[in-house]
Amino acid sequence: MGTEITEPLLLDSNETIKTVDSAEIIPEWKDQITIRGLVASAILGILFCIITHKLNLTVGIIPSLNVAAGLLGFFFVKSWTGFLSSLGLSVSPFTKQENTVIQTCVVACYGLAFSGGFGSYLIAMDEKTYKLIGADYPGNRPEDVKNPGLGWMIGFLFVVSFLGLFSLTPLRKVMVMDYKLTYPSGTATAMLINSFHTNTGAELAGKQVSCLGKYLSISLVWSCFKWFFSGVGDSCGFDNFPSLGLTLFKNTFYFDFSPTYVGCGLICPHIVNCSVLLGAIISWGFLWPFISQHAGNWYPADLGSNDFKGLYGYKVFIAIALILGDGLYNLVKIIVITIKEMCNKSTKQNLPILKEVQDSETSKLLLEQRKRDEVFLKDRIPSWLVAAGYVGLAAMSTAMIPVIFPPLKWYLVLCSYIIAPALAFCNSYGTGLTDWSLATTYGKIGLFIIASLVGSNGGVVAGLAACGVMMSIVSTAADLMQDFKTGYLTLSSAKSMFVSQLVGTAMGCVIAPLTFWLFWSAFDIGDPDGPYKAPYAVIFREMAILGIEGFSELPKHCLALCCGFFVAALVINLLRDVTPKKISQFIPIPMAMAVPFYIGAYFAIDMFVGTVILFVWEQINRKDAEDYAGAVASGLICGDGIWTIPSAILSIFRINPPICMYFGPSLSS
């Protein structure tokens, strides 16, 4: 799991994307899915899975990569068709419908690298996380260990990842056309794709791709250069450069020259980056030094740096308190908004309809909407097929999951699948209103409930596996509805959207575990002192233990501090909602503040550098910043991600960097 952060792109409900040409020829749904599109999707799926794993296993913050996926998909197919045309070969035109299918396929594929639990619930079961928490820690049993394996991970993803696609498909007309939910990210993606397939938009897209390629090359070369100085171990190279001095370096405040985190800072909203930095300052600047002064009183002074009975316990549990406080508040908020909006919809349907005089512009908009409605409803997906698919997959999953995870009994899996469609609907409706998916929150609720029901005899593994089941369903259901909205606005067939989601999910079930295995084989995953900390693995395992054991084993005053930060998360979120926008835009986000509490402050510095660059750029030339910031950020992230592949191969073959660049205090004479 990671914290996927996207900037809400809420549009006025009166705005309409004016891209529909009544004379436009719409390809049949089968023609929208092409071999070249699927090949491009697979290549991009591999790249974005690697990037997502790297972010998930290092800091857990994953920015939206949809812009990069759209740009690179457009670039790949345009380049291929241009190349074949230059050879005098006849090629079919590249349509916005095919572009939409590629986008859908890529997002479905790399989405499983996020929701598949490779940085959270799956890796929380492994032996290293068990040992990190401590063999003598109450509730942490050696029997509750299941190390990653390619076979069972691929099998698990195949049996849980498709159910979400079948759970809400019959409601696509209700969600997209009747309720007219905004689905901000889906709408923004449609705007992007529609713009690519106009003359002016294609010209801008070409410039953006060129910009992305330039910064991808710079990032790739820089990451390669850094490798030569990174030596053996975790204390060498630019990743440990004490740029703010050795004193601050000891408290993890330093700029580590990471193109990925600077790119994240360029993509994420300013308030997210500032919230992360504020969380780093509060935790590593004040709170941890303060608690460290009470070593020997609040906790034994001779404990190791990663012992849960010491400072490490405060770091993990206070981060959990902030995450749960933020998640609970937003869950209640989304449910309230959903109920309120549904009541408003039913009230409006009972009101008398008044005919208004329509001018030519209004008539044109109505014609465009009718065209979209017609295309969206043309290729129907039989409800009986969807229902049969859900029941069949649920039956298969109910039989298979207890084989993979014996403590999670079949009747618990069956109960999860009975209530899952209702939760998927709530999450999809909330995402359509706010652009905020609460899949991880639903997963944590399932984790606590199942862990407490199963108890000490296997509750940890059962809770973590149940978290994965719930997360997969509600996450893929929300993603599918986003894609239906994108398809609706780009005149793409609902059937082609559904099939491309199925294909992308199938790709992800294989590509996501394989790319994770590259990291698992090459790097020391889960080492709290290394670059691949897998921070959420420890957090999720501790949540499962808490569901069984309660709070009895927390260090002194830790529970009080956790309660304080939990309440603070609720209050801060409430203030963000009740204060005017001119004030609320400066109030931090608790979820973003929580991330550095456990990981460290270094990536917060990098992200803040990114946000400062963007802020200055916006002041100098806002139009350029809006057009190219996403491309620059995507290039930085993709270049660093690509270098991960040769870096992993070198590590597998035990080829170490030749130089260790290390910094220390000068020796006094």
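Residues numbered from 1 in each chain as written. Predicted model: local features only at pLDDT ≥ 70, side-chain atom pairs only at ≥ 80, totals over all residues. Heavy atoms only, no water.

Colleague: Honestly, the state of the cysteines in this entry has me stumped. Any pointers?
Modeller: What makes a disulfide is a covalent bond joining the sulfur atoms belonging to two cysteines. All chains considered together, the criterion is met by one disulfide. Across a sulfur-sulfur distance of 1.8 Å, Cys236 and Cys660 are joined as a disulfide pair. As the torsion about the S-S bond is roughly -75°, the Cys236-Cys660 disulfide counts as left-handed. On the criterion of sequence distance, the pair formed by Cys236 in the loop between helix H10 (199-227) and helix H11 (246-250) and Cys660 in the segment after helix H26 (622-652) is long-range, its members being 424 residues apart. With no disulfide of its own, Cys509 lies closest to Cys109 among cysteine sulfurs, the gap being 9.0 Å. (Disulfide = S-S within 2.5 Å. Helix = DSSP H or I, 4+ residues; strand = E, 2+ residues; numbered from the N terminus.)

Colleague: Just to check I follow, could you spell out the nonpolar core for this structure?
Modeller: Within soluble globular proteins, side chains that are nonpolar tend to cluster in buried spots. In this structure, Phe48 and Phe405 are the most contacted members of the largest nonpolar core, which totals 193 residues. With 18 residues, helix H19 (residues 459-489) is the largest single contributor of residues to this core. Those residues in contact with Phe405 that lie beyond four places of it in its chain are Leu122, Met125, Lys146, Trp152, Phe156, Val461 and Ala465. (Core = buried A, V, L, I, M, F, W, Y, C linked by side-chain atoms within 4.5 Å. Buried < 20%, exposed > 50% of the residue type's maximum accessible area, 1.4 Å probe, protein only. Contact = heavy atoms within 4.5 Å.)

Colleague: Looking at this structure, how should I read a nonpolar patch on the surface?
Modeller: A grouping of Ile35, Val39, Ile43, Phe75 and Phe76 is seen on the molecular surface, where their side chains present a nonpolar patch of about 460 Å² in accessible area. Of all the elements in the fold, those that place two or more residues in the nonpolar patch are helix H2 (35-58) and helix H3 (66-86). Among the elements that line the nonpolar patch, the one with the most residues is H2, at three residues. You can see Val39 is positioned in helix H2. (Patch = residues over 30% accessible without salt bridge, like charges linked within 9 Å, V, L, I, M, F, W, Y side chains within 5 Å. Areas by Shrake-Rupley, 256 points an atom, 1.4 Å probe, with all protein chains shown as cover. Salt bridge = Lys/Arg side-chain N within 4 Å of Asp/Glu carboxyl O.)

Colleague: Help me understand the environment of Gly116 in this model?
Modeller: Its location among the elements puts Gly116 in the loop between helix H4 (96-115) and helix H5 (127-133). In this structure, Gly116 is in contact with Tyr121, Leu122 and Leu157, ignoring residues within four places of it in sequence.

Colleague: Please explain the confidence of the model for the protein chain as it appears in this structure.
Modeller: Detailed reading of the predicted coordinates is not advisable wherever pLDDT falls low. The predicted model of the protein chain averages 85 in pLDDT, with 92% of residues at 70 or higher. Mean pLDDT values over the elements of the protein chain span from 50, in strand E1 (residues 3-5), up to 95, in helix H6 (residues 150-160). For the stretch residues 5-20, pLDDT sits under 50, and the model shows 44 contacts to residues farther than four places along the chain or on other chains. Across residues 351-357 the pLDDT falls below 50, and counting only partners more than four positions away or on other chains, this stretch makes zero contacts in the model. (pLDDT = per-residue confidence, 0-100.)

Colleague: I tried to follow the packing of aromatic side chains on my own but got confused; where do I start?
Modeller: One pair of aromatic rings is described through two measures. These are the centre distance and the angle between the planes. On inspection of all chains with the given rule, the structure shows 41 aromatic pairs. With 5.2 Å between their ring centres and 80° between their planes, Trp227 and Phe228 make a pair best called edge-to-face. Looking at Trp227, the relative accessible area reads 14%, which means it is buried. Judged by its relative accessible area of 36%, Phe228 is partly exposed. Between Phe241 and Phe663 the ring centres are 4.8 Å apart and the planes differ by 65°, which places this aromatic pair in the edge-to-face class. Here the residue Phe241 occupies a position in the loop between H10 and H11, and Phe663 occupies one in the segment after H26, the gap between them amounting to 422 residues. Using a relative accessible area of 24% as the deciding quantity, one classes Phe241 as partly exposed. Overall, the relative accessible area of 29% leaves Phe663 in the partly exposed class. In textbook terms, an aromatic cluster arises when at least three aromatic residues are bridged by ring pairs, as seen for Trp222, Phe225, Phe229, Phe238, Phe241, Phe255, Phe257 and Phe663. It is Lys146 that lies over the ring of Trp152; its NZ or CZ is 5.2 Å from the centre. (Phe/Tyr/Trp six-rings, centres within 6.5 Å; stacked < 30°, edge-to-face > 60°. Lys NZ or Arg CZ within 6 Å of the ring centre and 35° of its normal.)

Colleague: When you look at the packing of helix H12 (residues 259-267) against helix H25 (residues 602-620) in this model, what are you seeing that I'm missing?
Modeller: In a pair of packed helices, the angle between the axes and the distance between the axes together describe the arrangement. Close contact between H12 and H25 brings their axes to 7 Å; oriented N to C, the two are set at 50°. Comparing the axis directions of H12 and H25 gives the class oblique. Our pair here, H12 against H25, has a crossing hand that is right-handed. Where H12 abuts H25, its residues Tyr261, Val262, Cys264, Gly265 and Leu266 lie against Tyr602, Phe603, Asp606, Met607, Gly610, Thr611, Ile613 and Leu614. Residue classes in the contact of H12 with H25 are distributed as nine nonpolar, three polar and one charged. (Axes fitted to C-alpha atoms, helices over the stretch in contact; angles between N-to-C directions. Parallel < 35°, antiparallel > 145°, perpendicular 65-115°, else oblique. Left-handed = near helix turned anticlockwise from the far one by under 90°. Nonpolar A, V, L, I, M, F, W, Y, C, P; charged D, E, K, R; others polar.)

Colleague: So what exactly am I meant to see when it comes to the side chain of Lys533 here?
Modeller: Along the polypeptide, Lys533 turns up in the loop between helix H20 (494-522) and helix H21 (535-549). At 3.1 Å, the side chain of Lys533 and the backbone oxygen of Gly530 are in polar contact. Sequence-distant contacts of Lys533, that is, excluding residues within four places in its chain, are made with Leu57, Gly526, Asp527, Pro528, Ile599 and Tyr602. (Polar contact = N/O pair within 3.5 Å; in protein donor to acceptor, adjacent residues only side chain to side chain.)

Colleague: Quick question: what am I supposed to make of the pattern of salt bridges here?
Modeller: Close approach of charged atoms allows side chains of opposite charge to pair. Tallied over the entire structure, the rule returns 11 salt bridges. Linking Lys54 and Asp640 is a salt bridge whose minimum nitrogen-to-oxygen distance equals 3.1 Å. Residue Lys54 is located in helix H2, and its partner Asp640 is located in helix H26; the two are separated by 586 residues in the primary sequence. Comparing Lys54 with Asp640 shows no difference in burial state: the two are buried.

Colleague: I tried to follow H21 on my own but got confused; where do I start?
Modeller: Working note: α-helix, 3.6 residues per turn, so residues spaced by three or four point in the same direction. Between its first and last C-alpha, H21 extends 21 Å over 15 residues, near the 21 Å set by a 1.5 Å rise per residue. H21 sits mainly inside the fold: 13 of its 15 residues count as buried. Immediately beyond the C-terminal end of H21, within one or two residues, lies Gly550, with a positive phi of roughly 80°. (Expected span 1.5 Å × (residues − 1).)

Colleague: In this structure, what is going on with unusual backbone geometry? I would like to understand it.
Modeller: Outside of glycine, negative phi angles account for most residues, and trans bonds account for most peptide bonds. Positive phi outside glycine occurs at Thr252, with the angle close to 70°. Turning to its location among the elements, Thr252 is positioned in the loop between H11 and H12.

Colleague: How do you make sense of empty space enclosed by the protein when you look at a structure like this?
Modeller: Empty space among the atoms becomes visible once a probe the size of a water molecule is rolled across them. Applying the stated criterion to the full structure yields four cavities of 30 Å³ or more. There is about 50 Å³ of room inside the second largest cavity. Considering the residues around the second largest cavity, the lining is formed by Val107, Ala108, Gly111, Leu112, Ser115, Ser475, Thr476, Asp479, Gln501 and Thr505. Going through the elements one at a time, H4, H19 and H20 are the ones with two or more residues in the lining of the second largest cavity. When residues in the lining of the second largest cavity are grouped by element, the largest group, five residues, is from H4. Tallied by class, the residues present in the lining of the second largest cavity amount to three nonpolar, six polar and one charged. (1 Å grid on protein atoms, 1.4 Å probe; cavity = no way out; pocket = protein on both sides within 12 Å on 5 of 7 lines; lining within 4 Å. Points joined across faces, edges and corners; volume = space filled by probe spheres on them.)

Colleague: Quick question: what am I supposed to make of helix H16 (residues 383-404) here?
Modeller: Counted at 1.5 Å a residue, the expected span for H16 with its 22 residues is 32 Å, and the 31 Å between its end C-alpha atoms agrees. Buried residues of H16: Val386, Gly389, Tyr390, Leu393, Ala394, Ser397, Thr398, Ile401, Pro402 and Ile404, and no others.

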